[in-house]
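Fold and geometry: a report
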Amino acid sequence: MRSLCPSFVRSMRVLGYRLMMGWRSLKKEVEGGVFPGKDYSPYLMSEEEEAKFDDVISEHAEKTKSKLDASDSKLGMADESEQLSLYGNK
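This text gives an overview of the structure that appears in the document. (Residues numbered from 1 in each chain as written. Predicted model: local features only at pLDDT ≥ 70, side-chain atom pairs only at ≥ 80, totals over all residues. Heavy atoms only, no water.)

On to the overall build of the protein chain. Of the regular secondary structure elements, the protein chain holds 2 helices and 0 strands. Within the structure as shown, the protein chain displays about 9,100 Å² of accessible surface, and the carbon and sulfur contribution to it stands at 58%. (Helix = DSSP H or I, 4+ residues; strand = E, 2+ residues; numbered from the N terminus. Areas by Shrake-Rupley, 256 points an atom, 1.4 Å probe, with all protein chains shown as cover.)

Attention shifts here to the environment of Phe35. By the element assignment, Phe35 lies in the loop between helix 1 (8-31) and helix 2 (47-86). Beyond its immediate stretch of four places on either side in the chain, Phe35 contacts Leu26, Glu29, Val30 and Tyr40. (Contact = heavy atoms within 4.5 Å.)

All right, on to a negative patch on the surface then. Together, Glu47, Glu50, Asp54 and Asp55 make up a region of like negative charge exposed at the surface. Mapped onto the fold, Glu50 is located in helix 2. (Patch = residues over 30% accessible without salt bridge, like charges linked within 9 Å, V, L, I, M, F, W, Y side chains within 5 Å. Salt bridge = Lys/Arg side-chain N within 4 Å of Asp/Glu carboxyl O. Lys, Arg positive; Asp, Glu negative; His and termini not counted. Charge placed at Lys NZ, Arg CZ, Asp CG, Glu CD.)

Turning to the pattern of salt bridges, a few remarks are in order. Taken as a whole, this structure holds 4 salt bridges when the rule is applied. Notably, a salt bridge pairs Lys27 with Glu31, separated by 4.0 Å at the nearest N-O pair. Of the two residues, Lys27 and Glu31 are both situated in helix 1; the distance of 4 residues between them amounts to about one turn of the helix. Taking relative accessible area as the criterion, Lys27 reaches 51% and is therefore assigned exposed. For Lys63, the salt bridge goes to Glu59, with nearest N and O atoms at 3.4 Å. Residue Lys63 and its partner Glu59 are both found in helix 2; the two are separated by 4 residues, about one turn of the helix. (Buried < 20%, exposed > 50% of the residue type's maximum accessible area, 1.4 Å probe, protein only.)

This is a description of form; function is not addressed.
Dropping the structure here:
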């Protein structure tokens, strides 16, 4: 069986294990509040920048919700029209 296995398979298995352990370690650090710490986040936003960012995000969310509501309305009208035409009413 071993002769049927390509030579790179073992190294890929080791790589997979190392990746898995790395992700587990990162998860543990994030859940423990260790990462990201000050060493990983040297660029902080001022309160003014944060407020501007929040405004942009809120504005985008409102526009997106408005577009979704308009799409839902159009789909609802299309469904209603389709239902009416099923019964011969237009």
